[in-house]
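The primary structure of each chain is shown beneath.
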Amino acid sequence: MRSSSPLPRMSRRGRVTIGVLVGVFVLFTLLGWGVQAWTDWLWFDEVRYTQVFTGVLATRLLLFLAVGLGMAVIVGGNLWLAHRMRPRMRPHSPEQATLERYRMALGPRLGLWTALVAGVVGLFAGLSAQSRWNQWLLFRNGGDFGVKDPEFGVDVGFYVFQLPFWRYLLGVGFTAVVLSVIGALAVHYIFGGVRLQGVGDRMTNAARAHLSTLVAVFVLLKAIAYVLDRRAMLLEYNDGANVYGAGYADVNALLPAKEILAYISIVVAIAIIVFSNAWMRNLVWPGISLALLGVSAVAIGGIYPWAVQTFEVKPSAKEKEGPYIERSIKATRAAFGLDAATTRPYAASNLTPPASLATDTSVVPNIRLLDPQLVSETYTQRQQVRQFYDFGEKLDVDRYAVNGKVQDYVVGLREVNYRQLTAQQNTWINRHTVFTHGYGLVAAPGNRVVCGGQPFFVSGFLGDPQEQQKQEGQAQTNEQCAAQTEQVPAKQPRVYYGERMDEGDYAIVGQTDPERKAEFDRPVGEGGESYTYTGEGGVEIGSFTRRLLYAIKEQESNFLLSDAVNENSKLLYVRNPRDRVEKVAPFLTLDGDPYPAVVDGRIQWIVDGYTTAATYPYAERINLQEQTADELTGRGTFQLARENVNYIRNSVKATVDAYDGTVRLYEFDETDPVLKAWNKAFGGDLVLPKAEIPVELAEHFRYPADLFKVQRNLLTRFHVTDPGDFYSAQDFWQVPNVPDAPDTGQKQPPYYLFTQFPGQESPRFQLTSALTPNGRENLAALVSGSYVDGQPKLEVLDLPDQTRVSGPVQVHQSMTNNANIRQQLNLLQSQQAQVQYGNLLSLPFGDGMLYVEPVYVKTAAQNAPPLLQRVLMSYGDGGSYVVLANNVADGIKQLIEQGKQAATPGAPPPGGTPPGGTPPALTGELAAAADRVQTAITEVRAAQTSGDFERYGRALKALDEALTAFQQAQRAAAAPAPGATPSGSPPASPAASGSAAPTPSG
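Residue positions within a chain follow its written sequence, with the count starting from 1. pLDDT decides what is reported in this predicted model: residues at 70 or higher carry local features, side-chain atom pairs at 80 or more are listed and counted, and totals for whole chains, interfaces and linings draw on all residues regardless. Water and hydrogen atoms were dropped before computing side-chain values, which therefore reflect all heavy atoms in the structure.

Draft legend 1. Quick look at the state of the cysteines. Cysteine sulfur pairs qualify as disulfides if the two atoms are within 2.5 Å. All told, the structure shown has one disulfide when counted by the stated rule. Here Cys 451 is linked by a disulfide to Cys 481, with a sulfur-sulfur distance of 1.8 Å. Between Cys 451 and Cys 481, the disulfide has an S-S torsion of -95° and is therefore left-handed. Taken together, the positions of Cys 451 in the loop between strand 10 (449-450) and strand 11 (454-455) and Cys 481 in the loop between helix 14 (465-471) and strand 12 (494-495) put the pair 30 residues apart, joining distant regions of the chain. When its relative accessible area of 4% is taken as the criterion, Cys 451 is described as buried. When a residue's accessible area, from a 1.4 Å probe over protein chains only, is under 20% of the maximum for its type it is buried; when over 50% it is exposed; and in between it is partly exposed. A residue is classified by how much of its surface remains accessible, and Cys 481, at 2% relative accessible area, is buried. Secondary structure counts use DSSP, requiring at least four H or I residues in a row for a helix and at least two E residues in a row for a strand, with both numbered from the N terminus.

Next comes the structure, spelled out in structure tokens:
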């Protein structure tokens, strides 16, 4: 009888073909890896952080080899052992006859098949292990936090540094045992050690000893898992109290159950070995032992804790869970830095505008009117000059001392946007060797507008400021539209590294001939100046080997063929500052809003870096992406990854030089154990000490936005420190939605302001946000984050529970629904123009609340930027005192006047709304004045559309005169006849009319 082979033999040509294909695949794979590794090394060598490259690479290789070889040895060893234990004689049966074909196929090459299976298993295990390089480095280098958990008294460092890697190793052990059991069982079955048919035992003694030992090892690993689970219980979610950490049922039922199950597992493991091999030598009693372990796990580890939770905890959860809620509150406040927050009451009881508003020097003069998101279009239109320059979707806010006065400025870099190059410009030569950089940091005071609502630019000019203004048509009025000199001067204004540069936007710089300047530098007159890069940044690619290397990396033959690449050429890549820091410090979570600053004459990008952890016991676990999302996410700010954390520190301030790309990491939190572990892991000098931070650089540090949003969101709950009140959740707050679009569900972003809050000794540059009670819209609290003497300061102004003061959404609705104001807003808005609202600022002042909201108008003309036209202002509860003014100074005067009128007996109510809430019909001179205003608005829009700046200036002047006449007509119509008793509607303030060309404020 001929026996047929289960696997047909492959022809020699087929084997050769497969070998060639596999060889080509391996060759190209190794070539790709080699090129990537080599170019990465060159890049890290350029930025002088090779210890990161070598440290991460060596750790990955170590884990890959250690875990991969370990897994391969364990699985392969058990396969080999199962084959060695095969029975020499097998009873005849149809089952064995069928398996004989496989034994004949596998027998001659069993070593090869075993090595292949073990190799594949080891490969995947090693690939999985190398991604755990961060856990291993923390495991090796982590220290103590100096804080012990409230249940076991173990230092928090064990949970953050040790526990994650121990749990990973335990998972590797389970995987190795399970794969060994499956593989050994298969080999025993194929070679007769395990049978399903025939007379006699179904399993040989050797097979039984082998498999039972593996099962016993699995059960012992389960015992270890129960021990680690006892620690990990402090990280789990407590459904009964809606907080993280072990609760009453966990501590009093599940915790002892885990300990009992650990002991039972050890006993079961011993029983399996003894009963299977030393005594009865069968699987009945081991099977019973495993079944008892399963029943015990369900009964002791499941049913008993459920019963305690259901019948003991739920009926009196507030009392039972109180101590554990308190643990979570304390841990969360410590893990997220909330325990350092200062809370002070703020009555906000004054609802009448105080006269001190007119003489204030700390809050009112510093009110920021420029919205960084809206005016980015204005910067682009007024400072762009060429279509390929761009300022991004959102600008940044920083502060500078100019002429001895510190105030906030809205700043942006004039960068090259490669997406805006024309088809003719977008060649390889132009894209990578000509349009290599932007030029200048453009800044404007946040509290000043000029020339029809434009920012007052004070820096970043491409040439002589006066000449530039003439070229842009800004000299049509006597008003100064920009500074005459650079007030924030940058010695090196060129921007080779910026936010508008993506991964593929590399630049090739450097020339052999110093007279040949190939790079476009800046527009001058009808043409432009050229430039050759002289900085230290970039990887040298002058040699043929380097050019070939990057030609392969970028898949671009021009590296070899183009004359633009010469022996002096350098390649600048990874040019986005956030990407650059992320590559240098892959262990940091980076803030989504890097910002530029002029430091010692050079433009530096400042990037906030966070160290995080997800295993701080009892602390609330959050998702960073969800907690930091608001209206601005993805529109000028980067969206954070979906990272779950329960510990965060702003431990690093990183800088990237906009000219040469130099990256520096400065230690900012000197007490953070996580940063200390990472610094130790990379040699101890990766992060510069805090003492080495230049003073001028420290002056531009600001409270990071994403950290503030996380802390603000957590404070909505964890400002409540009493466990009983926390459980009832009646005092929780919420972050309000965007005031002018609350139905979108987007959260109101926090705002940077240079202002002074109650309890502060002087104005500070701080990040602020308003909070409202949960489920209501009135104001509950104001939160601010700032730096005092180089240390973070988080402060909360807590308003009374039953305050009448409105929140941001209510204030915006009250101001825009006021009859007089709505009438004037309608004059500004039509089919050819739309009204846009800027940041609604909530400012505590005079034991009350002052609200300021800029009003912009954007016409329908192509590329027309929004211009600041009015300022909405309110004081008190948000609805009683409301004005729409030309500028802040006028608005303050009108608010004070309204307050005086309200204090006069028999005076009409402030706000300008007649009884019944319906404004009177316009008649006589008032109607004629309104028609004149409408005609002037139409002319302004037509002039702006035409692009004739001289006509536009005349139209603005005519509109201002028309609005002044309308205001005078309003006052005349509202003034009572001589001797008459005041009644009816009060005279409308100029705020209710406004002007299309607001005068400078602040």
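So that's the structure; there's more coming.
Draft legend 2. Spatial organisation of the packing of aromatic side chains. The rule is short: rings of Phe, Tyr and Trp, with Trp giving its six-membered ring, pair when the centres are within 6.5 Å, and they are stacked under 30 degrees, edge-to-face over 60, tilted in between. Evaluation of the coordinates by the stated rule reveals 41 aromatic pairs. Ring geometry for Phe 388 and Phe 435: centres 4.8 Å apart, planes at 50°, overall tilted. A residue pair is termed long-range when its members are at least 10 positions apart, and Phe 388 in the loop between helix 12 (375-383) and strand 4 (389-390) and Phe 435 in the loop between helix 13 (428-434) and strand 8 (438-439) qualify at 47 residues. For the pair Phe 388 and Phe 435, a shared accessibility class is recorded, and that class is buried. Note on Tyr 496 and Tyr 533: the rings are 4.6 Å apart at their centroids and 65° apart in plane angle, and the pair reads as edge-to-face. Within this pair, whereas Tyr 496 is found in the loop between strand 12 and strand 13 (507-509), its partner Tyr 533 is found in the loop between strand 15 (527-531) and strand 16 (539-540), the two being separated by 37 residues in sequence. Here Tyr 496 and Tyr 533 have matching classes, each one buried. Three or more aromatic residues link up through ring pairs in this structure, and these residues are Trp 136, Phe 139, Phe 165, Trp 166 and Tyr 168. Each ring is checked for a lysine NZ or an arginine CZ that lies within 6 Å of its centre and within 35 degrees of its normal; such an atom marks a charge sitting over the ring. It is Lys 583 that lies over the ring of Trp 43; its NZ or CZ is 5.6 Å from the centre. Positioned over the ring face of Phe 701 is Lys 653, at 5.3 Å from the centre of the ring.

Draft legend 3. Layout of the side chain of Glu 321. Along the chain, Glu 321 turns up in the loop between helix 10 (317-320) and helix 11 (322-335). For Glu 321, which is buried and forms no salt bridge, the nearest opposite charge comes from Arg 327, at a distance of 9.2 Å. Excluding anything up to four places from it in sequence, Glu 321 contacts Asn 238, Gly 240, Ala 241, Gly 247, Tyr 248, Gln 309 and Val 313. Counted as positive: Lys and Arg. Counted as negative: Asp and Glu, with His and the chain ends omitted from the count. In the sections that follow, a salt bridge refers to a side-chain nitrogen of Lys or Arg positioned within 4 Å of a carboxyl oxygen of Asp or Glu. What makes two residues a contact is simply this: any of their non-hydrogen atoms within 4.5 Å.

Draft legend 4. View of the sheet that holds strand 6 (residues 405-413). What makes two strands pair is DSSP finding at least two bridges between them. Taken in spatial order, the three strands line up as 5-6-9 in an open sheet, and their pairing is antiparallel. The outermost strands of the open sheet, each flanked by one partner alone, are strand 5 (396-402) and strand 9 (441-445). Taking each pair of neighbouring strands and ignoring which way they run, the sheet shows an average axis angle of 45°. Pairing geometry for strand 5 and strand 6, over seven bridges, is antiparallel. Directly across from Asp 398, in strand 6, lies its bridge partner Tyr 409. To get an axis, fit a line to the C-alpha atoms, keeping to the stretch in contact for a helix; angles then go from 0 to 180 degrees between the N-to-C directions.

Draft legend 5. Local environment of the pairing of strand 34 (residues 881-885). With respect to burial, strand 34 is a largely interior element, five of its five residues being buried. Residues Tyr 881, Val 883 and Ala 885 of strand 34 are buried on one face, and the alternating residues Val 882 and Leu 884, pointing to the opposite face, are buried as well. Taken together, the five bridges between strand 33 (residues 867-875) and strand 34 define a ladder with antiparallel strand orientation. Of the residues in strand 34, the one forming a bridge with Ser 874 is Val 882. Remark: five residues form the turn of the hairpin made by strand 33 and strand 34, two consecutive strands paired antiparallel; Gly 876 in that turn has positive phi of roughly 95°.

Draft legend 6. Just the nonpolar core, in detail. Residues enter a nonpolar core if they are buried and are Ala, Val, Leu, Ile, Met, Phe, Trp, Tyr or Cys, with the set joined through side-chain atoms within 4.5 Å. Core analysis: the largest hydrophobic core is formed by 169 residues, its most contacted members being Tyr 49, Tyr 400, Tyr 550, Phe 559, Leu 665 and Phe 682. By residue number, the principal contributor to this core is helix 6 (residues 156-190), which donates 15 residues. Counting residues in each nonpolar core, the second largest holds 36 residues, with Val 363, Val 449, Val 852 and Ile 892 among its members.

Draft legend 7. Up close: the packing of helix 2 (residues 50-84) against helix 4 (residues 110-130). Between helix 2 and helix 4, whose axes approach to 7 Å, the crossing angle comes to 150°. If you check the angle between helix 2 and helix 4, you find them roughly antiparallel. You can see that helix 2 and helix 4 cross each other, and the crossing is right-handed. Along its contact with helix 2, which presents Arg 60, Leu 63, Phe 64, Val 67, Gly 68, Met 71, Ala 72, Val 75, Gly 76, Leu 79, Trp 80 and His 83, the element helix 4 presents Leu 110, Thr 114, Val 117, Ala 118, Val 121, Gly 122, Leu 123, Ala 125, Gly 126, Leu 127, Ala 129 and Gln 130. For the contact of helix 2 with helix 4, the class distribution of residues is 16 nonpolar, seven polar and one charged. Angular relationships are summarised with four words: roughly parallel below 35 degrees, roughly antiparallel beyond 145, roughly perpendicular across 65 to 115, and oblique for the angles in between. Here a crossing is taken to be left-handed if its near helix is turned anticlockwise relative to the far helix by less than a right angle, and right-handed if that turn runs clockwise. Under the convention adopted here, Pro, Cys and the residues Ala, Val, Leu, Ile, Met, Phe, Trp and Tyr are nonpolar, Asp, Glu, Lys and Arg are charged, and Gly plus all remaining residues are polar.

Draft legend 8. Fine view of the environment of Thr 359. Along the chain, Thr 359 turns up in the loop between strand 3 (342-345) and helix 12. Given a relative accessible area of 62%, Thr 359 falls into the exposed group. Along the chain, Thr 359 and Ile 892 lie 533 residues apart, while their C-alpha atoms are 10.0 Å from each other.

Draft legend 9. Fine view of the sheet that holds strand 17 (residues 570-572). With respect to topology, three strands assemble into an open sheet ordered 13-17-16, the strand pairing being antiparallel. This sheet does not close on itself; its edge strands, each paired only once, are strand 13 and strand 16.

Draft legend 10. Molecular detail of the pattern of salt bridges. Across all of its chains, the model carries 30 salt bridges by this definition. Lys 858 is paired through a salt bridge with Glu 377; the nearest N and O atoms lie 2.8 Å apart. Taken together, the positions of Lys 858 in strand 32 (residues 848-859) and Glu 377 in helix 12 put the pair 481 residues apart, joining distant regions of the chain. Here Lys 394 makes a salt bridge to Asp 396, at a shortest N to O gap of 3.6 Å. Judged on exposure class, the residue Lys 394 and its partner Asp 396 are both buried. The network of salt bridges with shared partners includes Lys 394, Asp 396, Asp 593 and Arg 702.

Draft legend 11. Up close: unusual backbone geometry. One non-glycine residue, Cys 451, adopts positive backbone phi at about 50°. Its identity is not glycine, yet Gln 555 carries a phi of approximately 55°, on the positive side. Mapped onto the fold, Gln 555 is located in the loop between helix 15 (544-554) and helix 16 (558-561). Here Gln 555 falls in the exposed class, since its relative accessible area comes to 73%.

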